[in-house]
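Take a look at the letters that make up each chain.
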Amino acid sequence: MAAQRRNLMQSHQSWTDDLPLCQMCGVGTAPNCVYSPDGKGTQSHSNEDGHLRFRGEDGCFLYGVFNGYDGSRVASFASQCLTAELLLGQLTSNHTDSDVRRILTQAFDAVEKSYFETIGDALAEKAHLSNYVLPHNENVSFHQLSSQSQKVQERLKELEQEVSGGATAVVALILNNKLYIANVGTNRALLCKSSSDGQNQVLQIGRPHSTDNEDELQRLATLGVDSARVRQAGQIAGQSSTRRLGDYRVKFNYSEIDLLSPAKTRPVVAEPEIHGSQSLDGVTGFLLLMSEGLINALESAHGPEQANQEIVAMVAAELAQQNSLEAVAQSVVERVKRLHHDVYVSGRQRSTYCSRHEDMTLLIRTLNMPLADGALTPTQGGRIYPVSVPYSNSQSTSKTSVTLSLVMPSQSTLTNGTNTASTLEEGTPTPGSQSPTATLQSTNTQTQSSSSSSGDGSLFRQRGSQAAQPDETGRVPPYVDFSQFYRLWGSDHSDGQSTQGGLGPQ
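Residues numbered from 1 in each chain as written. Predicted model: local features only at pLDDT ≥ 70, side-chain atom pairs only at ≥ 80, totals over all residues. Heavy atoms only, no water.

Bringing the pairing of strand S7 (residues 178–184) into the picture now. Counting buried positions over the 7 residues of S7 gives 6, a clear majority of the element. Direction of pairing for strand S6 (residues 166–175) relative to S7: antiparallel, over a ladder of 7 bridges. Bridge assignment links Ile174 to a residue of S7, and that residue is Leu179. Between S6 and S7, which pair antiparallel one after the other, the connecting turn spans 2 residues, and Asn176 there sits at a positive phi close to 55°. Pairing of S7 with strand S11 (residues 273–279), which is carried by 5 bridges, proceeds in the antiparallel orientation. Its bridge partner being in S11, Asn183 is matched across the sheet by Glu273. (Buried < 20%, exposed > 50% of the residue type's maximum accessible area, 1.4 Å probe, protein only. Helix = DSSP H or I, 4+ residues; strand = E, 2+ residues; numbered from the N terminus. Pairing = 2+ DSSP bridges.)

Attention now goes to the sheet that holds strand S3 (residues 41–42). Within the open sheet, the 3 strands sit side by side as S3-S2-S13. Their pairing is antiparallel. Single-partner strands in this sheet number two, and they are S3 and strand S13 (356–357). As judged from the 2 bridges shared by strand S2 (residues 33–35) and S3, these two strands associate in the antiparallel manner. From the neighbouring strand, Val34 faces S3, where its bridge partner is Thr42. In the packing of helix H11 (residues 325–346) onto the sheet, the strands contacted are S2 and S13, and the crossing angle to S2 comes to about 20°. (Contact = heavy atoms within 4.5 Å. Axes fitted to C-alpha atoms, helices over the stretch in contact; angles between N-to-C directions.)

Glancing now at the nonpolar core. The biggest cluster of nonpolar side chains holds 43 residues, and the ones touching the most others in it are Phe66, Leu82, Leu86, Leu91, Phe108, Leu173 and Leu245. When contributions to this core are tallied by element, the ones reaching two or more residues are strand S4 (49–55), strand S5 (61–69), helix H2 (73–86), helix H3 (97–118), helix H4 (120–130), helix H5 (142–163), S6 and S7. With 8 residues, the single largest contributor to this core is H3. Excluding its chain neighbours within four sequence positions, the residues that come into contact with Leu91 are Cys60, Leu86, Val100, Ile103, Leu173 and Leu175. One finds Leu288, Met290, Ala329 and Ile364 within the second-largest nonpolar core, a separate group that totals 27 residues. (Core = buried A, V, L, I, M, F, W, Y, C linked by side-chain atoms within 4.5 Å.)

What follows concerns unusual backbone geometry. In this structure, the amide linkage connecting Gly276 to the following residue, Ser277, adopts the cis form with an omega of 10°. Examined against the element boundaries, Ser277 turns out to sit in strand S11. Positive phi, close to 60°, is recorded for Asp58, a residue that is not glycine. Relative to the assigned elements, Asp58 resides in the loop between S4 and S5. On the accessibility criterion, Asp58 (45% relative accessible area) is partly exposed.

The subject of this paragraph is the side chain of Arg188. Mapped onto the fold, Arg188 is located in strand S8 (residues 188–194). Classification of Arg188 as buried rests on a relative accessible area of 12%. At 3.4 Å, the side chain of Arg188 and the side chain of Glu299 are in polar contact. A polar side-chain atom of Arg188 sits 2.8 Å from a polar atom in the side chain of Asn308. Residues contacting Arg188, with those up to four places away along its chain left out, are Val170, Gln204, Leu288, Leu289, Met290, Ile295, Glu299 and Asn308. (Polar contact = N/O pair within 3.5 Å; in protein donor to acceptor, adjacent residues only side chain to side chain.)

This part is about the environment of Gly303. Examined against the element boundaries, Gly303 turns out to sit in the loop between helix H9 (292–302) and helix H10 (307–319). Taking relative accessible area as the criterion, Gly303 reaches 1% and is therefore assigned buried. If we ignore the near neighbours within four places in the chain, the residues touching Gly303 are Leu298 and Arg350.

As structure tokens, this is what we get:
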């Protein structure tokens, strides 16, 4: 079985090619970036994140975001193996909540064991070569010994690259219209519920398994680890996570790691923390799964206090404009990337935290939430792709909610040069009226920020509804007065010559 899994990984085939993708979600990604002093960015390594989004039988849906490090092998393996452990008949609508939690836990355990089976031969060879001692032979020259030693070192380096690396994971399972979240590490899950009065509750499901999580520090302390030293160090073997998939170094060689050496048993584990079930009956909104790189980029730029509300506000803004969930997710990721870069080049206080960011992944799953009508083109007042609604952060901390204000696009369409108004319900906002507002309320943070697609909306209000009406010649009258420009240009360039036939309307 181990050989089959190893061959499958090497062939880059998928165990889940026959499973249908879920069409009610979208994924956006961005690679890592390191900024030079002039603000230009370069990618330091290939993208190591992974994700999954499948629809199973009996109303079962599975989503996941994996944050890989030191390579993408573990993230790629976990996304395939976890799907095979959960969606090939293991889950049915007859399972109870306790059954689902047990199956999820067993699936993560199977992923961990299966991955180490695939690298077992490489680990054995690595251990053998590490203890390799060249026999003393008077007939072997120093040059020959050096050549053999160099080959051993090169092979050890290849093996280290083959077996190293790990991943953190956040997985969402929907079964019988109930939501379960399984988390290992430092990714994040957010659930946004919209109510009929426009109030949107933002709920972070679970806490990251990191070196500042009190529960995790207590868990390590019971194993004999000095939790105060762990908190002060902020990292374990180069990562802030206290739970992770793979990473044989901290799983098998933890006794050789100074921070972990006092542990009675394996301190860094792959056991998921499972939250749920949470009923989705009657829920309107969306679910977000985010990699650590996306979270850290936004928190580095604006601080951690209101990151949840900011990302939800961005998603809500794009959902109001885009008609594709892929476009929504990618637009939000690009926006976070731009915010992070802009803070770095600004030289402001937080720019020192924004010299680089890791790979970013965002998965959006809508819940009974329709997308915007994308039939209109940008010139007709429709969506603007890929980033449609600029977002700004006011950095205020005295309010109790996040307010997202959108100036809605025109409800009119141009047909063969004629301004044909679509049917509007009474009270529907128009470009000259007050823009609608959606309020986001969070259970754990308090802040306010606002956004508008055109500042105060004056550009849309100045352009009257009759501006697009063609005259008897078929031309559309201009809505910007250039007469002063023509006058000034004519006075500066006349030099005794007639301006007739020059600039300006004839």
